Amino acid sequence: MSISRSSDETGASPVVSATDVRRTYHLGEPVHALDGVSLSLPRGSFTAVMGPSGSGKSTLMNLLGALDTPDGGAVEIDGQSLTDLSESEQARLRGTKIGFVFQTFNLMPRLTAAENVTLPMVFHDTVDEDRRERARTLLERVGLGDRLDHDPSELSGGQRQRVAIARALANEPALLLADEPTGNLDTETGDEIMDLFHELNDAGRTILMVTHERQIAEHADRIVHLVDGKIDEIESVGGDGR
């Protein structure tokens, strides 16, 4: 295991890059959630972000996912600067370039698994039949080909997270962002979800994962440690959590 403090360890073309980003929230007194963070995600990399509560993990993920904008610095996604885009253009970029996986799954309870997966496809001009077929293909890819017409309430936690991953892949995004993806799962199911992330990463998918669990973070190639809104260190772990 080696330790590095460089925020860009390879010369690979980054899918996302943040340069000296800062974000302050005014909650009575100013809270500096991020204070001059620079980080890039090379294409095909698998990065985990760890840190204590309030260290800036979620803020960093939100900025890299175009869910929020920095007060200073710059964020580029696939070579496109967010500051050059309108809100609607940023929304389209999120829908086509980024897939999100959340701890609480965020599935629509009254839609079937397949219908949940088709939701992001609204950003593409495809007919319903094509969307349904793509949803079937993605659900088969995550091992749920026999659960297309099941509502979330009829699925286990691990199955719901697999649906969420299939939905995140609906538009073949350049980046997969996962916020505590195993947080609501038991250890065995969490390991199965991480195996799926490894398969996606081995196939070339770029992944950024926020987690507070060391054993989960060690599935990534490197761990970014945040403290008080700054990168304290970047640790190379080589994905040896498998």
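These numbers come from a predicted model, not from an experiment.

### Focus: the overall build of the protein chain
- The number of helices and strands found in the protein chain is 7 helices and 11 strands.
- Relative to the globule expectation of 18 Å for 242 residues, the C-alpha radius of gyration of the protein chain, 18 Å, shows essentially globular dimensions.
- Expressed as lengths along the three principal axes of its C-alpha atoms, the size of the protein chain is roughly 45 × 40 × 40 Å.
- Counting all 242 residues of the protein chain, 49% fall into the buried class.
- Long-range contacts, defined as pairs at least 24 residues apart, comprise 69% of the intrachain contacts of the protein chain with a sequence gap of at least 6.
- Looking at the protein chain as shown, the accessible area adds up to about 11,200 Å², and 45% of this sits on carbon and sulfur atoms.
- For the protein chain, the distance from the average site of its 23 positive side-chain charges to the average site of its 41 negative ones is 3 Å.

### Overview of the pattern of salt bridges
- Scanning the entire structure with this criterion turns up 13 salt bridges.
- Here Arg22 makes a salt bridge to Asp20, at a shortest N to O gap of 2.7 Å.

### Some details on a negative patch on the surface
- Residues Asp186, Glu188, Asp191, Glu192, Asp195 and Glu199 make up a contiguous surface patch of negative charge.
- Looking at the element boundaries, Asp191 is found in helix H6 (residues 187–202).
- Among the residues examined, Asp191 registers a relative accessible area of 35% and is labelled partly exposed.

### Points about the side chain of Asn171
- You can see Asn171 is positioned in the loop between helix H5 (157–168) and strand E8 (175–179).
- Polar contacts involving the side chain of Asn171 include one to the main-chain carbonyl oxygen of Gly95, which spans 2.7 Å.
- For Asn171, the side chain forms a polar contact with the main-chain oxygen of Pro120, separated by 2.9 Å.
- The residues contacting Asn171, other than those within four sequence positions of it, are Gly95, Thr96, Pro120, Met121, Phe123 and His124.

### Some remarks on the packing of aromatic side chains
- Summed over all chains, the structure comprises 1 aromatic pair.
- Relative to Phe102, the ring of Phe100 has its centre 6.0 Å away and its plane inclined at 5°; by these criteria the two rings are stacked.

### Things to note about the environment of Glu115
- Inspection of the secondary structure assignment puts Glu115 in helix H3 (residues 113–118).
- For the pair formed by Glu115 and Leu148, sequence separation is 33 residues and the distance between their alpha carbons is 8.2 Å.
- Within the local environment of Glu115, its side chain forms a polar contact with the backbone nitrogen of Thr112, the two atoms lying 2.9 Å apart.

### Brief notes about helix H1 (residues 57–64)
- Summarising burial for H1: 6 of the 8 residues are buried, a large majority.
- Every buried residue of H1 is accounted for by Lys57, Thr59, Leu60, Met61, Leu63 and Leu64.

### Considering the sheet that holds strand E3 (residues 29–42)
- In space, the 4 strands of this open sheet follow the order E3-E2-E5-E6, with antiparallel pairing throughout. Each edge of the sheet is formed by a strand with only one pairing partner; in this case those strands are E3 and strand E6 (80–81).
- Where strand E2 (residues 14–27) and strand E5 (residues 72–77) come together, 5 bridges link them in antiparallel fashion. Bridged to Ser17 within E5 is Glu76.
- Sitting on the sheet, H1 touches E2, E3 and E5, and the angle it makes with E3 is about 55°.

### Structural notes on unusual backbone geometry
- You will see that Ala66, though not glycine, has its phi angle at about 60°, which is positive.
- Secondary-structure assignment places Ala66 in the loop between H1 and E5.
- The exposure class of Ala66 is buried, given its relative accessible area of 1%.
- One non-glycine residue with positive phi stands out, namely Asp78, at about 50°.
- Classification of Asp78 as partly exposed rests on a relative accessible area of 29%.

### Thoughts on the confidence of the model for the protein chain
- The share of residues in the protein chain with pLDDT of 70 or more is 93%, and the mean pLDDT across the chain is 90.
- The low-confidence segment residues 1–11, where pLDDT is below 50, has 27 contacts with residues more than four positions distant or belonging to other chains.

Reading guide: rules and limits
- Residues numbered from 1 in each chain as written.
- Predicted model: local features only at pLDDT ≥ 70, side-chain atom pairs only at ≥ 80, totals over all residues.
- Heavy atoms only, no water.
- Helix = DSSP H or I, 4+ residues; strand = E, 2+ residues; numbered from the N terminus.
- Rg over C-alpha atoms; globule rule 2.2 N^0.38 Å.
- Buried < 20%, exposed > 50% of the residue type's maximum accessible area, 1.4 Å probe, protein only.
- Contact = heavy atoms within 4.5 Å.
- Areas by Shrake-Rupley, 256 points an atom, 1.4 Å probe, with all protein chains shown as cover.
- Lys, Arg positive; Asp, Glu negative; His and termini not counted.
- Charge placed at Lys NZ, Arg CZ, Asp CG, Glu CD.
- Salt bridge = Lys/Arg side-chain N within 4 Å of Asp/Glu carboxyl O.
- Patch = residues over 30% accessible without salt bridge, like charges linked within 9 Å, V, L, I, M, F, W, Y side chains within 5 Å.
- Polar contact = N/O pair within 3.5 Å; in protein donor to acceptor, adjacent residues only side chain to side chain.
- Phe/Tyr/Trp six-rings, centres within 6.5 Å; stacked < 30°, edge-to-face > 60°.
- Pairing = 2+ DSSP bridges.
- Axes fitted to C-alpha atoms, helices over the stretch in contact; angles between N-to-C directions.
- pLDDT = per-residue confidence, 0-100.

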